[in-house]
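Spelled out from the first residue to the last, the chains are:
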Amino acid sequence: MESGTKENTSFDADKIREHFPIFFQPENEGLIYFDSAATSQRPREVLTACNNFYEKINANAHRGAYKIAEKATAAFEAAREKTAKFIGAGRTEEIIFVRSTTEAINFVAYGWARKFIGVEDEILVTEMEHHSNLIPWQVAAQKTGARLRFLKMNENGVLPLDQLDSLLSRKTKLVAVTHVSNVLGTVNPVKEIIRAAHNVGAKVVVDGAQSVPHLPVDVVDLDADFFAFSGHKMLAPMGIGVLYGKTALLEEMEPVYYGGEMINDVDYYQSTWNDLPWKFEAGTQNIAGAIGLGAAIDFINSIGIDTIREHDHSLTEYALNELKKIKDLVILGPTENRGPAISFTLGNIHAHDLATYLDQKNIAIRSGHHCAKLVMKKFNVAATARASFYLYNTKSEIDALVHALNEAKGYFSKWR
Ligand SMILES: Cc1ncc(COP(=O)(O)O)c(C=O)c1O
């Protein structure tokens, strides 16, 4: 770290790191993990919670009248309650456990959009969406005959809201927007977008995959109709995600999967559906994953999401400043009001070559199109390198990245 720059004194990332076994495996010695936007690491508390489920109370939820089954059910539903509180949902039954953000958005596309969107209607998405919040709407538009329209971003990777007047109308039935861009880091003004969409009677689905891990989210304050996020980007296990929906919308939405547990009564030729949230949770659920998500929320709460946001913000500002000093390094996205993911190009070094070079130095970054090809097209690049930060990262790790990038420039210049 440069002399004069200080680590955030209210927060000790080195102490936090001690909770994450991955950094203490001999084979991972010196690992600098800058790919939390793809998936975060998991603290011991989360791993222990999952393990405890399998070791101590393993049974299917909602099915057994015996003690461990009751404990499994109680732990599963307690995780739902914690999740509801964490994102400010008004009711616990508005939390549907799914596999991931991708699955949550597909639930809305299949269960709600295909039922309520028709040939005269429009779906509005933004240019900066992850494919998870774009492809389901392309297909929904193709299947329903609705028109897909785009909210464009400017050269700074920001969505100017003055376009909304001309894009939103009574024809708009659904707006799909990411809270925080996984490529550009842009934090979008989703509250304003939701308000404008509601003025024309449209519903809004927010992709919160990159926001819930990093900043306080209150779905009621945002007035989001649907809100999707993944556990694995916020210290929880892979394979557990959340769809939040307003009760009235979930009531009118069709189930997406049919089978065990999602029914109320079954007859020969037709059946009726269970109450919320179970109407959407057919079959055996990822109970250990949900319990792990609950433990991740406990872990985040024990630090404080505001504290995590401050730490992320201070790392991001520091990194932006240091990266700017590297000649030929171009940062995509805004300079302010951004999440802790920084995408960049470095001269004409291909992002994959850069990532491979950095891996030799034990620095893990992401390279590629980041499942956001429209963003790549907009900025006229095939791929970018991306460094993303979380609560276990430090400024000295950023210094190591900057040092390695300078070295990489020298190394690759030999091959030109
Ligand atoms: C903004 C955004 N949306 C959606 C997703 C998809 O998340 P998942 O793969 O957990 O479904 C990601 C993952 O990188 C993301 O960053």
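Residues numbered from 1 in each chain as written. Predicted model: local features only at pLDDT ≥ 70, side-chain atom pairs only at ≥ 80, totals over all residues. Heavy atoms only, no water.

1. A few points about the layout of surface pockets
Quantified by volume, the largest pocket comes out at close to 260 Å³. Classifying every residue of the lining of the largest pocket by side-chain character gives 6 nonpolar, 6 polar and 4 charged. Two domains each donate at least three residues to the lining of the largest pocket, and these are domain 1 (13-42 + 304-413) and domain 2 (47-301). Here the second largest pocket defines a volume of roughly 170 Å³. The residue inventory of the lining of the second largest pocket, partitioned by class, reads 3 nonpolar, 11 polar and 2 charged. (1 Å grid on protein atoms, 1.4 Å probe; cavity = no way out; pocket = protein on both sides within 12 Å on 5 of 7 lines; lining within 4 Å. Points joined across faces, edges and corners; volume = space filled by probe spheres on them. Nonpolar A, V, L, I, M, F, W, Y, C, P; charged D, E, K, R; others polar. Domains from an automatic or database assignment.)

2. Regarding the site of the ligand
In the vicinity of the ligand there are 14 residues, among which T102, D207, Q210, S230 and K233 approach most closely. Within the side chain of S100, an N or O atom sits 3.4 Å from an oxygen atom of the ligand. At a separation of 2.5 Å, an oxygen atom of the ligand approaches a polar side-chain atom of T102. Protein contact buries 88% of the 390 Å² of open area that the ligand shows by itself. Residues that form the shell around the ligand fall into these classes: 2 nonpolar, 10 polar and 2 charged. (Near = heavy atom within 4 Å. Polar contact = N/O pair within 3.5 Å; in protein donor to acceptor, adjacent residues only side chain to side chain. Areas by Shrake-Rupley, 256 points an atom, 1.4 Å probe, with all protein chains shown as cover.)

3. Focus on the domain arrangement of the chain
Looking at the chain, the domain boundaries give domain 1 (13-42 + 304-413) and domain 2 (47-301). Its C-alpha centre places domain 1 at a distance of 28 Å from the equivalent point of domain 2. Counting residues at the interface gives 40 residues for domain 1, matched by 39 residues for domain 2. Summing both sides of the interface, domain 1 and domain 2 together bury roughly 3,100 Å²; the carbon and sulfur share of this comes to 62%. Of the charged contacts, one joins E127 and K378 as a salt bridge, the two residues approaching to 3.0 Å between their closest N and O atoms. In this structure, the connection of domain 1 to domain 2 is made through 23 residue pairs in polar contact (both at pLDDT 80 or more). Among the elements of the structure, α11 (305-324), β12 (341-346) and α13 (373-378) are those that each provide at least two residues to the side of domain 1 that touches domain 2. (Contact = heavy atoms within 4.5 Å. Buried area = accessible area lost by both parts, 1.4 Å probe. Salt bridge = Lys/Arg side-chain N within 4 Å of Asp/Glu carboxyl O. Helix = DSSP H or I, 4+ residues; strand = E, 2+ residues; numbered from the N terminus.)

4. Things to note about the pattern of salt bridges
Overall, the coordinates contain 20 salt bridges when judged by the stated rule. E322 is the partner of K325 in a salt bridge, and the nearest nitrogen-oxygen pair spans 3.0 Å. The exposed category is assigned to K325, whose relative accessible area is 52%. Ionic pairing is found between E407 and K361, a salt bridge with its closest N-O pair at 3.1 Å. Taken together, the residues span a long stretch of sequence, with E407 in helix α14 (residues 395-413) and K361 in the loop between α12 (351-360) and β13 (363-364) at a distance of 46 residues. Three or more residues joined by partner-sharing salt bridges are found here, namely E77, R80 and E281. (Buried < 20%, exposed > 50% of the residue type's maximum accessible area, 1.4 Å probe, protein only.)

5. Focus on the sheet that holds strand β15 (residues 384-388)
Strand order in the open sheet made by the 4 strands is β11-β12-β15-β14, with antiparallel pairing throughout. Whereas interior strands pair on both sides, the edge strands pair on one side only; in this sheet they are β11 (329-331) and β14 (366-368). On average, each strand axis in the sheet is inclined to that of its neighbour by 30 degrees, with strand direction left out of account. With 4 bridges joining them, β12 and β15 adopt antiparallel strand pairing. Note that in β15 the partner of F344 across the bridge is A385. (Pairing = 2+ DSSP bridges. Axes fitted to C-alpha atoms, helices over the stretch in contact; angles between N-to-C directions.)

6. Some points on the sheet that holds strand β3 (residues 122-126)
One open sheet accounts for 7 strands, arranged β2-β8-β7-β6-β5-β3-β4; its pairing is mixed. Only two strands of the sheet have a single neighbouring strand rather than two, namely β2 (95-98) and β4 (147-151). With strand direction ignored, the average angle separating the axes of adjacent strands in the sheet is 20 degrees. Bridge count for strand β7 (residues 226-230) against strand β8 (residues 241-245) is 5 bridges, and the pairing is antiparallel. Bridging across to β8, A228 finds its partner in L243. Together, β2, β5 (172-178), β6 (203-207), β7 and β8 form the strand contacts of helix α4 (residues 101-116), whose direction differs from that of β7 by roughly 155 degrees.

7. Overview of the environment of A236
Structurally, A236 is set in the loop between β7 and β8. Sequence-wise, A236 and Q41 are 195 residues apart; in three dimensions their C-alpha atoms are separated by 8.3 Å. Those residues in contact with A236, other than ones at most four positions away along the chain, are R42, V46, G231, G292, L293 and A296.

8. Points about unusual backbone geometry
Leaving glycine out, the prevailing phi sign among residues is negative, and the prevailing peptide bond configuration is trans. Look at the link from L276 to P277: it is a cis peptide, with omega at 0 degrees. By the element assignment, P277 lies in the loop between β10 (271-273) and α10 (287-303). At H62, a position not held by glycine, the phi torsion is positive, near 65 degrees. Structurally, H62 can be placed in the loop between α2 (44-56) and α3 (67-86).

9. A look at the packing of α3 against α10
Where α3 meets α10, the axes come as close as 8 Å, and the angle between the chain directions of the two elements is 45 degrees. With respect to each other, α3 and α10 are oriented oblique. Pair α3 / α10 crosses with left-handed handedness. Residues A72, A75, F76, A79, K82, T83 and F86 of α3 form the contact with α10, whose own contacting residues are I287, A290, I291, L293, G294, I297, D298, I300 and N301. Split into classes, the residues belonging to the contact of α3 with α10 amount to 11 nonpolar, 3 polar and 2 charged. (Parallel < 35°, antiparallel > 145°, perpendicular 65-115°, else oblique. Left-handed = near helix turned anticlockwise from the far one by under 90°.)

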